[in-house]
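For reference, the chains in residue letters:
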Number of protein chains: 2
Amino acid sequence: MSEQYSSGPLAGITVVGLEQAISAPLCTRHLADLGARVIKVEQPGYGDSTRHYDTVVGGMSAHFTWLNHGKESAALDLKDPADLDVLRNLLAAADVLVSNLGPGALDRLGLGVDTLSRDHPRLIIVDISGYGKGGPQDHKRAYDLLIQAEAGSCSITGTPGHPAKPGIPIADIGTALYAYSAVLAALYDRERTGRGAVIPLAMLDTVAEMMGFALNQVLHAGTEPVPVGMGSPMIAPYGAYRTADDQVAVLGTTSDREWRRLAGLIGRPEVADDPRYAHNDDRVRCRAELDEMVGQWCATRSLADVQAEADAAGIGNARLNGVAELAVHPQLGARDRWRAVGTPSGPAPALVPPALAIGWPVRHGSVPALGADTAAIRTEFGTAAHTT
Amino acid sequence: MSEQYSSGPLAGITVVGLEQAISAPLCTRHLADLGARVIKVEQPGYGDSTRHYDTVVGGMSAHFTWLNHGKESAALDLKDPADLDVLRNLLAAADVLVSNLGPGALDRLGLGVDTLSRDHPRLIIVDISGYGKGGPQDHKRAYDLLIQAEAGSCSITGTPGHPAKPGIPIADIGTALYAYSAVLAALYDRERTGRGAVIPLAMLDTVAEMMGFALNQVLHAGTEPVPVGMGSPMIAPYGAYRTADDQVAVLGTTSDREWRRLAGLIGRPEVADDPRYAHNDDRVRCRAELDEMVGQWCATRSLADVQAEADAAGIGNARLNGVAELAVHPQLGARDRWRAVGTPSGPAPALVPPALAIGWPVRHGSVPALGADTAAIRTEFGTAAHTT
């Protein structure tokens with residue numbers, strides 16, 4: 001509607017989110033970040049389950065606040081024919097539908113993807129599921145942990161015998177980003193063809209794609225990658241090492257040339273050209289002894305010295321930070337990466353989206369209370385009989 | 001050129017990749033997946049460092065094969081004025097440049113982003129760095145591990161005192177997907193405005209965005225999320241439990257209603273309405289005792305029984321798989337998710353991209369040997385003096 005939709009590359013685009021949790025909501029939030037109008041359709045009374053994870057942001061949850069600024073919330077009772085009509089009219093006016101409801105939910109509403117696509121040939125529909133259509137598991141519920149476990153992501157994280165779920169919900173976020181990019185590709189395509197698109201998207205496929213390097217190891221070498229704590233299963237030396245001032249430095253080398261520089265840095269020039277360590281796959285086999293060499297060197301220096309000497313030698317390095325340290329990270333502050341977004345209890349900090357072109361505006365939308373826009377949406381999209 | 005560029009939504013789009021490792025190569029691979037012509041510019045003799053990680057795919061590495069099918073490889077010596085001219089002419093003809101060379105590398109080539117954007121106003125430029133421009137760390141090298149460590153991702157993965165790097169390189173892949181979506185948004189924008197775009201993209205910003213939920217916890221509640229192995233710092237019960245047949249089931253619940261169903265499932269109906277477990281944040285505080293209840297129930301059943309009973313109760317569940325199990329996952333097979341791509345040593349399996357609209361073609365490009373297309377590219381884009 002007003003000003004807030006008047007700029008950004010997606011100004012004029014209307015998105016409907018039949019959405020919950022992370023994958024669809026992050027997709028539509030990024031569409032809102034680019035200027036689209038996003039109408040989030042929620043169940044009256046309860047709404048998106050992430051609303052109820054906690055109450056840390058003035059009564060709203062950490063997850064919900066992160067994922068939903070810049071949207072309108074319409075709490076529609078889709079069992080009520082009048083509200084279902086509102087949704088139908090909304091879809092008729094929309095450019096994009098992003099849905100991640102449970103298996104079969106759209107069909108039960110009479111809004112199956114085939115029907116919608118036939119009735120609205122310019123509509124771009126992203127239909128997110130856990131396991132895709134067809135196959136023995138297509139009925140199964142899916143959450144981030146379940147898909148990461150099923151797709152092997154946990155098996156290459158942690159330590160041998162102690163798999164771990166990556167703290168960042170990769171299955172959800174990866175699916176969000178594939179949904180987001182697919183919508184953008186379909187919008188571009190529609191400019192020339194005039195046609196919308198139906199994009200089925202399975203969370204399992206997303207994580208399987210991200211596992212491509214590990215799949216190739218298994219398919220071609222027959223070796224199962226093992227988790228190596230702070231390291232990477234396929235690169236060495238590459239890990240975390242305690243420093244003399246009891247901090248943790250992270251060092252890595254991904255090429256043979258860097259390996260030779262690293263050998264010099266840690267005072268072991270004699271190993272630089274040792275054929276046992278010549279190539280990355282050699283070094284992966286000798287991971288333990290290389291980690292010990294690097295670890296011994298770090299243990300005799302402060303973190304600041306480790307970083308300064310590594311920088312001077314052209315060796316990548318970093319600090320192992322907690323979340324509190326990320327919150328005050330100097331690169332986020334110095335580069336003005338924080339903005340304020342609205343919430344029902346006042347403004348809250350949020351990061352600027354990672355990938356805006358220079359000149360695209362940064363929006364400052366608000367996180368809607370459940371159903372904050374229901375009346376307005378009913379008025380705008382209800383049939384006359386229902387709105388009077 | 002030939003057939004392979006004649007279809008897909010990005011048919012007719014030319015992309016230049018001044019790229020290495022994962023982030024830019026995965027971005028341009030997905031652009032190739034949609035039909036773009038992608039010309040990967042590499043250093044003669046050595047090329048992209050991921051070529052040298054291992055040799056498992058008939059001499060090519062697992063990583064390189066995953067990330068580079070469907071591209072041409074031009075090995076150009078950018079210190080040679082003739083080859084630099086080839087690159088300049090290539091950029092003049094291109095729609096998109098994606099670069100993730102080290103800090104300052106483009107400037108040293110006389111191809112700074114400002115110059116390129118002025119000379120080629122329709123060009124879409126994605127300039128990937130570790131830490132962005134400005135701030136005390138903008139000169140620093142960046143790899144996946146370094147950025148994940150710096151951005152707190154490792155601190156919420158693993159177990160307390162034993163942080164871990166997610167095995168999937170989230171910093172690289174997330175950056176690739178933000179780059180990919182930004183290119184698509186800029187292509188859409190260019191259709192209406194006629195203008196290209198400059199998109200600076202910092203890996204740190206990508207991971208910080210993905211940490212949004214954890215940042216909100218720290219910013220608003222002042223509590224540092226702790227890693228919980230196979231669980232999630234902010235949801236409970238949600239984890240991995242050993243079954244009677246010594247497999248590992250993964251179960252989770254993300255809402256209060258599901259919690260009550262789960263309590264019934266595990267034969268503890270009396271806890272369903274216990275106020276100590278009423279809401280997710282209550283359950284997070286009681287994680288250990290809830291994990292014990294769920295674990296006891298799983299320990300008395302086979303994995304198959306756990307899954308069947310959980311399915312019947314509407315509780316999401318999965319199996320903890322290794323990579324070899326992903327390679328033969330029935331959902332990937334039954335849904336025809338594998339395609340063949342070419343490599344210099346013959347065809348190799350690769351997954352179909354996760355998010356194609358119905359009707360968009362699946363391409364079957366090849367992984368190029370280093371410099372496989374150098375002569376053709378020099379002929380096509382060299383100035384007359386250099387090509388004769």
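About the cut-offs
Residues numbered from 1 in each chain as written. Chains lettered and ligands numbered in written order. Predicted model: local features only at pLDDT ≥ 70, side-chain atom pairs only at ≥ 80, totals over all residues. Heavy atoms only, no water. Helix = DSSP H or I, 4+ residues; strand = E, 2+ residues; numbered from the N terminus. Buried < 20%, exposed > 50% of the residue type's maximum accessible area, 1.4 Å probe, protein only. Contact = heavy atoms within 4.5 Å. Least-squares fit on C-alpha atoms with pLDDT ≥ 70 in both. Buried area = accessible area lost by both parts, 1.4 Å probe. Salt bridge = Lys/Arg side-chain N within 4 Å of Asp/Glu carboxyl O. Polar contact = N/O pair within 3.5 Å; in protein donor to acceptor, adjacent residues only side chain to side chain. Pairing = 2+ DSSP bridges. Axes fitted to C-alpha atoms, helices over the stretch in contact; angles between N-to-C directions. Arc of directions from axis to C-beta. Domains from an automatic or database assignment. Parallel < 35°, antiparallel > 145°, perpendicular 65-115°, else oblique. Left-handed = near helix turned anticlockwise from the far one by under 90°. Nonpolar A, V, L, I, M, F, W, Y, C, P; charged D, E, K, R; others polar.

## So, the overall build of chain A
And then number 1: In terms of helices and strands, chain A carries 17 helices and 13 strands.
And then number 2: Taken along the three principal axes of its C-alpha coordinates, chain A extends 85 × 45 × 40 Å.
And then number 3: Looking at the 388 residues of chain A, the share that counts as buried comes to 63%.
And then number 4: Counting contacts in chain A only where the partners sit at least 6 residues apart, residues at least 24 apart contribute 66% of the total.

## Thoughts on the relation of the copies chain B and chain A
And then number 1: Overlaying chain B on chain A yields an RMSD of 0.0 Å, the required transformation being a rotation through 180 degrees with an accompanying axial translation of 0.0 Å. Taken together, these values place the two copies in the relation of a two-fold axis.
And then number 2: Most of the interface of chain B is mirrored in chain A: 100% of its interface residues are interface residues there too.

## Remarks on the interface of chain B and chain A
How big an interface is tends to be reported as the loss of accessible area on association of its parts.
And then number 1: Counting residues at the interface gives 147 residues for chain B and 147 residues for chain A.
And then number 2: For the pair chain B and chain A, the summed buried area comes to about 12200 Å², and 65% of that belongs to carbon and sulfur atoms.
And then number 3: Across the chain B-chain A interface, the total number found is ten salt bridges.
And then number 4: Residue A:Asp311 is joined to B:Lys140 by a salt bridge in which the shortest nitrogen-to-oxygen separation is 3.0 Å.
And then number 5: Along the contact surface separating chain B from chain A lie 60 residue pairs in polar contact (both at pLDDT 80 or more).

## Some thoughts on the sheet that holds strand β10 (residues 248-252) of chain B
Residue and element names in this part refer to chain B.
And then number 1: Taken in spatial order, the three strands make up an open sheet running β9-β10-β11, and their pairing is antiparallel. Looking at which strands have only one partner, the edges of the open sheet turn out to be β9 (238-242) and β11 (317-319). Averaged over all adjacent pairs, the angle separating strand axes in this sheet is 25 degrees, with direction ignored.
And then number 2: Here three bridges tie β10 to β11, and the two strands are oriented antiparallel to one another. By the bridge assignment for β11, Leu251 is matched with Asn317.
And then number 3: Its contacts with the sheet put helix α12 (residues 287-299) on β9 and β10, and the angle it makes with β9 is roughly 35 degrees.

## Here we look at helix α10 (residues 256-265) of chain A
All names here are of chain A.
And then number 1: Residues of α10 that are buried include every one of Asp256, Glu258, Trp259, Leu262, Ala263 and Leu265, and no others. The buried residues of α10 occupy an angular sector of 160 degrees when projected down its axis, which confines them to one face.
And then number 2: Those residues of α10 that are buried are in contact with β10 (248-252), α11 (280-285), α12 (287-299) and α13 (303-313).

## Overview of the domain arrangement of chain A
And then number 1: Under the domain assignment used here, chain A contains domain 1 (3-210 + 333-387) and domain 2 (238-319).
And then number 2: Relative placement of domain 1 of chain A and domain 2 of chain A: their C-alpha centres are 43 Å apart.

## Overview of the packing of helix α1 (residues 23-33) of chain A against helix α7 (residues 170-193) of chain A
Residues and elements named next belong to chain A.
And then number 1: Two elements in contact, α1 and α7, have axes separated by 8 Å at closest approach and are oriented at 45 degrees. With respect to α7, the axis of α1 lies oblique. Considering how the two elements wind past one another, α1 and α7 form a crossing that is right-handed. Contact residues: α1 offers Ser23, Leu26, Cys27, His30 and Leu31, while α7 offers Asp172, Ile173, Thr175, Ala176, Leu177, Ala179, Tyr180, Val183 and Leu184.
And then number 2: Residue classes in the contact of α1 with α7 are distributed as ten nonpolar, three polar and one charged.

## A short note on the pattern of salt bridges
All names here are of chain B.
And then number 1: Under the counting rule described, the total for this entry stands at 50 salt bridges over all chains.
And then number 2: A salt bridge links Asp33 to Arg29, with the nearest nitrogen and oxygen atoms 2.9 Å apart. Taken as a pair, Asp33 and Arg29 lie in helix α1 (residues 23-33) at a separation of four residues, close to a single helical turn.
And then number 3: Accessibility expressed as a relative area gives 1% for Arg29, which makes it buried.
And then number 4: In this structure, Arg339 engages Asp33 in a salt bridge whose closest nitrogen and oxygen atoms are separated by 3.3 Å. You can see Arg339 sitting in strand β12 (residues 338-341) and its partner Asp33 sitting in helix α1, a full 306 residues away along the chain. Accessibility classification places Arg339 together with Asp33 in one group, the buried group.

## Digging into unusual backbone geometry
And then number 1: Note the cis peptide between A:Ala236 and A:Pro237, where omega equals -15 degrees.
And then number 2: Its place among the elements puts A:Pro237 in the loop between α9 (212-221) and β9 (238-242).
And then number 3: Positive phi, normally seen in glycine, also occurs at A:Ala21, with a value near 65 degrees.
And then number 4: Residue position: A:Ala21 is located in the loop between β1 (14-18) and α1.
And then number 5: Of the residues examined, A:Ala21 reaches a relative accessible area of 23% and is grouped as partly exposed.
And then number 6: The backbone of B:Asp336 sits at a positive phi, close to 60 degrees, despite the residue not being glycine.

## Quick look at the environment of A:Thr374
All names here are of chain A.
And then number 1: Residue placement: Thr374 occurs in helix α16 (residues 374-381).
And then number 2: Residue classification places Thr374 among the buried residues on the basis of a relative accessible area of 8%.
And then number 3: For the pair Thr374 and Glu72, spaced 302 residues apart in sequence, the C-alpha separation works out to 8.5 Å.
And then number 4: Discounting residues that sit within four places of it in the chain, Thr374 has contacts with Ser73, Ala74, Ala75 and Leu76.
And then number 5: Engagement of the side chain of Thr374 in a polar contact is seen with the backbone nitrogen of Ala75, the distance being 2.9 Å.

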